[in-house]
Structure formats: structure tokens, C-alpha cells
Amino acid sequence: MHVAPFASDLPLINEALRSSYQAVQWGKNILAIAHKTLSARLFNSLFPTEERTQPLSPELQTWLKERYEALLNSDWQDAAAGFYPASLLFDGLWQEFWQFYPVLWLDLPQMWQRARSRRFQDFADTISLDAYPQYYRQNFHYQTDGYLSETSANLYDLQVEILFGGTADAMRRRVIAPIARHLQILPPTPPVRVLDVACGTGRTLKQLRYGFPEAALFGIDLSPTYLRKANSLLAEQVGDLPQLIQGSAEALPYIDNYFNAITCVFLFHELPAPVRQQVIDECARVLQPGGIFVICDSIQAIDSPAQRPMMENFANLFHEPFYRNYIEDDLNHRLEKAGLVVQEVQHHFMSKYWIAVKPQEGGDSSPAAAIPPL
Ligand SMILES: C[S@@+](CC[C@H](N)C(=O)[O-])C[C@H]1O[C@@H](n2cnc3c(N)ncnc32)[C@H](O)[C@@H]1O
């Protein structure tokens, strides 16, 4: 674990750092709101009869603002506690922004056309789909080429950052503290192995490298182009390069009981229900007894019915064929069915986190016996 660069006897420096972090985040949020407003106006003027979203009530807007501020506070607190260095709080997609933001605008008309005509299996002829499961052969978010082109990989991070008002990495970082606490309580014999399932362009692995500089990191994803992008992002970091592999989360190409920790960020809402169970079963299989599994995904209607309008808007705006089923799905039950013990469920801004452990062989698997509350 890092020694925090914060010193309690330097409160002014701490305060200045904290204010700078908030200012940068607000800047990102304003840019994201400006983009969403402009693109929605353009869409509405081009297609005035299309009704895509419902307005959010003042209560919901207040809820969003409070959750946003709570997320920034948790992010700050975890850096202050030394779970990752404060410099990570200032890591942004600025280079991507200058390089790819114009491309994002150029791509929008195609996405709108796809959305209007409900075309969501629209791929360039050069892309072979044979190797992929049926449910994956789609333009998730109406994205051009789905997850299967270089352009899609280049635009994805910016799109997610805009969607979440600049908080995507802050939400991804929430997986770090539960793993670090767990490894402190049950220190494994090195090397500590951490796998990120559906690693996409590598943003979570990048955060994990800061949190666990000595760990052997692994990433798996179905998309070769996203993996290439991940590889170039992660190659810029010091430390060993994570081992990336193209493969399917429901048939993980690793031996049993191999990883000390597994993360999975923003995957489950894009899977059909039976595949969600297969992925959880596979993660349970490759996790060591005593290992920890942290899922981060969208909030769910089962625990936040008041936030349902926001979830409906998301499902209406983006092609997310399994999202409506996901927001009602009991992942606690799925994790327990796979033999894992759910230690805690957390919520941060727009995301929900399941923190589960694989019981030690012959040990007491009750939640109370495993790990103290985080
Ligand atoms: C919404 S993105 C999330 C990516 C990344 N975890 C993040 O935080 O941005 C979903 C990712 O899951 C991958 N994916 C979808 N189904 C998969 C499967 N069955 N096995 C492996 N990867 C899969 C996609 O290729 C894509 O990179």
C-alpha cells in the first residue's frame, strides 16, 4: 500500500490539493454537460418527433448531486488513506480528448441513424463476427462497429467519461480499497495475482497498477481492438505489463484457484442472465480460497426504485438489450449460488459494488466469520 503523500501537519497543502481535485472534476462535469446538452439539442432539431428521455424530477437531481459529491469525497479519502497516490486523482483523458473528440462528433450522425432505425447489428464488412457469441454481435450504445474496431476502441473511454460526467475512473477506483483491505487481513504469499475480467481499454487495470504496484495483473476481454488499446495505455505505466488475453469471461482460460483478487467493471449489464451466472461461476472457479471478487456495475432498480426514470432513460438512449433484465437481477443470489460469500454491497454515484469472498477450504464461510465489515 502507498504511503499517502498527505501530511496532517500540512493542512493547507491538503486543502489546496483537495480543492484542485474538485475543480478538475467540476471542469470535466461541465464539459460533459455541455456536450450532452449540445448533442441533445442537435438531435431534437434534426428529429423533432423522437421522444427519447423523460425529465428528471428535482428530487432525483438533488440525489444525483449528493451522490456525485459523495463519490468525489470517497475518492479523496481513499487517496488520503494511501490506497493509491493523489496524482491518480488528476489522471484524465486529456490526450484522448484532443485526439478523438472531433471523431466522436463525426461519428454521432451514424449513431443517431442507427438509433432511429433500430439497427443494432450493423458492422463493417471487414469485421468477422464468427468467433463471438451471438449476444455480443451488437452495436451496444449504438456504437459504430460495436466493440470490434479501432475507432470504437478509441472513442469508448471518451463516451463513458461523458456519460458519467467525468467520474468513470473515480467509480472504477472504488474496487481498490476493498481488495487492499482484504489483502491486509489475509496477506497472500507473493506474487499477488489480480485479474480484471472484461478489461476493455484497460482503464481499471491502470487504476489497479497504482493501487497494487507489485501485483501480477491480468486482463481478459473478447475484443481484440480494445485489448490493443489497453496494451498501449498500460505500456506507458511503470511496473510489469499486465498479461492481456483475448477470451471469454464465461470460459476463463486459467487454472482453478489461481487469483487472489478478481474485478469486473461494467460488464454484467451487457450480458444475458444465464451468461451472468456462467461468468460468476467461472470467476469463483479461478479465485483462490480466501480470494476476493469485486463487481462494479450500474445501480439497480431492485434497490433504487426512485431512480428508475434515470435507468429507463439510459435504456432508451443506448442500445442495451440486457439492461432492463439486469436492473432487476439478484446478483447476491448468483454469487452465493457460485459458492461465494457476499461481504458487502456498496453504492457510489451511478454504480453498485458487490464484494464477495471465496471461503477457505474447511473454514467457516459465514459472512460474519470471514472479514470484518469494510
Ligand atoms: C461496457 S465495456 C466495460 C469495459 C471496462 N471494464 C471498463 O471499465 O470500461 C464492456 C466490455 O466487456 C467486454 N465483453 C463483453 N462480453 C464479454 C465476454 N463474454 N467476455 C469477455 N469480455 C466481454 C467488451 O468487449 C467490452 O470491452
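Residues numbered from 1 in each chain as written. Predicted model: local features only at pLDDT ≥ 70, side-chain atom pairs only at ≥ 80, totals over all residues.

In the nomenclature of an unreviewed UniProt entry, the protein chain corresponds to SAM-dependent methyltransferase from the organism Parathermosynechococcus lividus PCC 6715.

Quick look at helix 6 (residues 176-185)
Most of helix 6 is tucked away, with 7 of its 10 residues classed as buried. Regarding helix 6, the residues found buried are Ile176, Ala177, Pro178, Ile179, Ala180, His182 and Leu183. Contacts from the buried residues of helix 6 go to helix 2 (58-80), helix 7 (203-211), strand 4 (259-265), strand 5 (287-298) and strand 7 (351-357). (Buried ≥ 20, exposed ≤ 12 C-beta atoms within 10 Å, placed from the backbone. Helix = DSSP H or I, 4+ residues; strand = E, 2+ residues; numbered from the N terminus. Contact = placed C-beta atoms within 7 Å.)

Describing the sheet that holds strand 3 (residues 243-246)
Taken in spatial order, the 7 strands make up an open sheet running 3-2-1-4-5-7-6, and their pairing is mixed. Because the sheet does not close on itself, it has two edges, and the strands there are strand 3 and strand 6 (341-348). When the angles between neighbouring strand axes are averaged without regard to direction, this sheet yields 15°. Inspection of the sheet shows strand 4 paired to strand 5 by 6 bridges, in the parallel sense. Pairing of phenylalanine 259 across the sheet is with leucine 287, part of strand 5. Strands strand 4, strand 5 and strand 7 of the sheet are contacted by helix 6, whose axis makes an angle of about 165° with strand 5. (Pairing = 2+ DSSP bridges. Axes fitted to C-alpha atoms, helices over the stretch in contact; angles between N-to-C directions.)

Some remarks on the packing of helix 3 (residues 94-116) against helix 4 (residues 150-163)
In the contact formed by helix 3 and helix 4, the axes pass within 9 Å of each other and the chain directions differ by 105°. Looking at the two axes, helix 3 sits roughly perpendicular to helix 4. Taken together, the residues of helix 4 that come into contact with helix 3 (itself represented by Glu96, Phe97, Phe100, Tyr101, Val103, Leu104 and Asp107) are Thr151, Asn154, Leu155, Asp157, Leu158 and Gln159. (Parallel < 35°, antiparallel > 145°, perpendicular 65-115°, else oblique.)

Thoughts on the nonpolar core
Counting 79 residues, the largest nonpolar core has Val197, Ile262, Cys283 and Phe293 as its most contacted members. In contact with valine 197, other than residues within four places in its own chain, are Ile220, Ala249, Ile262, Cys264, Leu267, Val279 and Cys283. (Core = buried A, V, L, I, M, F, W, Y, C linked by C-beta atoms within 7 Å.)

Focus: the site of the ligand
As a matter of local geometry, the ligand sits amid 20 residues, with Ala198, Gly200, Ser223, Ala249 and Val265 nearest to it. In the shell around the ligand, the residues fall into 11 nonpolar, 4 polar and 5 charged. (Near = placed C-beta within 6 Å. Nonpolar A, V, L, I, M, F, W, Y, C, P; charged D, E, K, R; others polar.)

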